[in-house]
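Residue-level listing of the chains:
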Amino acid sequence: MKTRYLLSLVALSVASACQAASYPAPLGPSQTDFGGAGLLQTPTARMAKEGEFSFNYRDNDQYRFYSVSVQPMPWLETTIRYTDVRTRKYSSDPSFSGSQTYKDKSFDVKLRLWQEGYWLPEVSAGVRDIGGTGLFDGEYLVASKAWGPLDFTLGMGWGYLGNRGDIRNPFCDVSDRFCERKSVHTSTGGTVDLNEAFRGPAAIFGGVEYQTPWQPLRLKLEYEGNDYQDDFAGRLKQDSKFNFGAVYRVTDWADINMSYQRGNTFMAGFTLRTNFNELTPAHIDQPKPDYQPEPQGKQLQQDVVANQLSALEENAGFSAPKIQVKDNTLYMTGTQSKYRYSEDGIERANIILMNHLPEGIDTLDVTETRYGLPQVTTRTDVSSLRSQLEGYPLGYEQVLQQKRLDPQLPENTDQGYYIDDDRLSFTLSPTLTQSVGGAETFYMYQIGLLGSVNWWVTDHLLTSGSVFVNLTNNYDRFNYTEPPPDSRLPRVRTHIREYVENDVYINDLQANYFQSFGHGLYGQVYGGYLESMFGGVGAEMLYRPLDSDWAVGVNANWVKQRDWDDMMRFTDYDTVTGHVTGYWKLPFADDVLAALSVGEYLAKDKGATIDLSKRFDSGVVAGVYASFTDASREEYGEGSFTKGFYISIPLELMTNSPSRSRTQIGWTPLTRDGGQMLGRKYQLYGMTSDRDVRFR
């Protein structure tokens, strides 16, 4: 029955091909069953377009593969995958995991070594199943060369990709230790162990992908190097080394996949895709103000300035705007609360100011602030701006005389008007807490409402708090409240079930004092319930030069654990925690930020956290992090160390109006107690993002 479906599909595509006279352009690399560009079970050397994001699902009788693949660089492909092993239970104890089947998580990386030329193929190397339990670990070298609608691939695999061992491992000629490969299946996973890489049996794999004349349809033929004799799902029968498949693009963002593998197994699934570089917001926004100059006299007119202040709020997005004049400079100060990119608001503000420019003004200084912290001043030459607004004669265009400076604020001005900021504000927002891959159930969640209130006591002192109300959750499926038997660290995070059992609680309640010291130096002190699990006091300092590729900060905190039975009280556990953090935008990679934090964590373990994030053209940020501390693998327990993945998305990509707000989707394989930082509500690096010309 399954064979008949596949043959019908192939016949349909061949018939379509025979009727076509020319070949359409390929749709780009398609995804493998494991995620990542490739054929079916095996990878190709192809890389997706930079910024490509895909969610992939594949299903057969033994496995379900869930994967997310991201192309952060033209030469780098990354894939995170969960595998549901349908033939095995999560544990042998039904009272612990019920009927849940085994779940395995892993991470893949592929690097492009050589880009395709006229004669030479594209060449890539990759590692599959890093940091997992090693069920599918393998390494490969692969080359791909296109010829018309055909894209040919030939590669050599080790590990899962080379289990058949039909060729001699060439590294055996270098050293005998490459001739044997130990099984690296582990029960805890979480380690990055490449000691067995490129060892043991090796095999050739390859195939071809055919772009049919009917463009939505692509066909695949694959020869693989795995013999399926050591699969975790069991010894699988392989009637054929050839696999066949088809990919059909239903729409620009979705592919469906079908294949017939091993001569006896039907596989089906889908891929949902987008490109983070190509996402654009669809705004319904006010038009920019027209340039209609009606200059004021030397003395500011109150009614005219009042209209300007209103326009600065409504059209240019500056809340609490202030207009001041000193000597021959007009100063405008406000908090940009609408436009993600500063230049959008600056352009509108300058036109509003130019329309009613006081007599004798030759410079405009627009200063942006956040949380009362001056961030940057954009200084514009009035005569240059006027020429630009009036239009240059053809052939005499000039560059606008404008530059970014450290904040320039006037003192003791004689003239000035402003709109007061709201001292008190409220917000109410839905929240989702989630974890994936737990023993009791694959997906655990909590949905609630978070009501927040902010009260600025002075221009520098902010008091804020939030109350969480639980609507629904399935955390009651946790089977135990006792300490994880394999962890020996203080329980600073693994009491999460006890915390979420509270239906209503104060999430945070704290006072913060913010201060700018000038020349890029910022500071804050704070105290109270700092997050849902800890309260205490702390301080932070940050030095961030304007438009610089680097910054450095330090924070120190004394904190005490909140009691999960009565969250207005504390337990006996307290500690000192803090980190020195360096931020660096890597010069050899576009829009990649590396942050390295060194210090002491909540469980009193000491070490470092590395965070790498890529900012795409749409403003989407994708990042990974990992913490390595002096807590041993045995002390940490399952997972071996803390790591995770996150995507931060500008909300304006999902709404019809400009916005500076973001939402973040995070993935943490397992919550444990080692390598855990304090979840501070206010962090100076994020609060001073306007210091970077490209808002992150």
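In short, a report on the structure. (Residues numbered from 1 in each chain as written. Predicted model: local features only at pLDDT ≥ 70, side-chain atom pairs only at ≥ 80, totals over all residues. Heavy atoms only, no water.)

What to know about the overall build of the protein chain
Part 1: Secondary structure assignment for the protein chain yields eight helices and 31 strands.
Part 2: Here the C-alpha atoms of the protein chain give a radius of gyration of 29 Å, agreeing with the 26 Å that 2.2 N^0.38 yields for 696 residues.
Part 3: A buried classification covers 50% of the 696 residues belonging to the protein chain.
Part 4: Long-range contacts, defined here as pairs at least 24 residues apart, represent 59% of the contacts in the protein chain between residues at least 6 apart.
Part 5: Entry remark: accessible area of the protein chain is about 32,100 Å², with carbon and sulfur atoms responsible for 56%. (Helix = DSSP H or I, 4+ residues; strand = E, 2+ residues; numbered from the N terminus. Rg over C-alpha atoms; globule rule 2.2 N^0.38 Å. Buried < 20%, exposed > 50% of the residue type's maximum accessible area, 1.4 Å probe, protein only. Contact = heavy atoms within 4.5 Å. Areas by Shrake-Rupley, 256 points an atom, 1.4 Å probe, with all protein chains shown as cover.)

Remarks on the packing of helix H4 (residues 342-355) against helix H5 (residues 382-390)
Part 1: At a closest axis distance of 11 Å, the pairing of H4 and H5 adopts a crossing angle of 100 degrees. Considering their axes alone, H4 and H5 lie roughly perpendicular with respect to each other. Residues Asn-350, Ile-351 and Met-354 of H4 form the contact with H5, whose participating residues are Val-382, Leu-385, Arg-386 and Leu-389. (Axes fitted to C-alpha atoms, helices over the stretch in contact; angles between N-to-C directions. Parallel < 35°, antiparallel > 145°, perpendicular 65-115°, else oblique.)

Considering the pattern of salt bridges
Part 1: The full count for this structure, using the stated rule, is 38 salt bridges.
Part 2: We note a salt bridge from Lys-614 to Glu-50, for which the minimum N-O separation is 3.2 Å. With Lys-614 in strand E28 (residues 606-615) and Glu-50 in the loop between helix H1 (2-19) and strand E1 (52-59), this residue pair connects regions lying 564 residues apart in the sequence.
Part 3: The exposure class assigned to Lys-614 is buried, which follows from its relative accessible area of 6%.
Part 4: The residue Arg-64 makes a salt bridge to Asp-84 at a minimum N-O spacing of 2.7 Å. Residue Arg-64 is found in strand E2 (residues 63-73), and its partner Asp-84 is found in strand E3 (residues 76-89); the two are separated by 20 residues along the sequence.
Part 5: With relative accessibility at 21%, the residue Arg-64 sits in the partly exposed group.
Part 6: One salt-bridge network, held together by shared partners, links Arg-46, Glu-116, Glu-122, Lys-145 and Asp-151. (Salt bridge = Lys/Arg side-chain N within 4 Å of Asp/Glu carboxyl O.)

A short note on the sheet that holds E1
Part 1: Around the barrel, 12 strands lie side by side as E1-E2-E3-E4-E5-E6-E7-E8-E9-E10-E11-E12; this closed barrel has antiparallel pairing. Ignoring which end each strand starts from, the neighbouring axes of this sheet average 20 degrees apart.
Part 2: Of the pairings in the sheet, the one linking E1 to strand E12 (residues 265-275) comprises eight bridges and is antiparallel in character. The residue bridging Phe-55 from the neighbouring strand is Leu-272, located in E12. (Pairing = 2+ DSSP bridges.)

Section: helix H3 (residues 302-314)
Part 1: Spanning 13 residues, H3 covers 18 Å between terminal C-alpha atoms, matching the ideal 18 Å at 1.5 Å per step.
Part 2: Among all positions in H3, only Val-304, Val-305, Gln-308, Leu-309 and Leu-312 are buried. Along H3, the residues classed as buried sweep out an arc of 135 degrees about the axis, all on the same side. Opposite the buried face of H3, by more than 90 degrees, sit the exposed residues Asp-303, Asn-307 and Glu-314.
Part 3: Where the residues of H3 are buried, they touch strand E13 (318-326), strand E14 (329-336), H4 and strand E18 (415-418). (Expected span 1.5 Å × (residues − 1). Arc of directions from axis to C-beta.)

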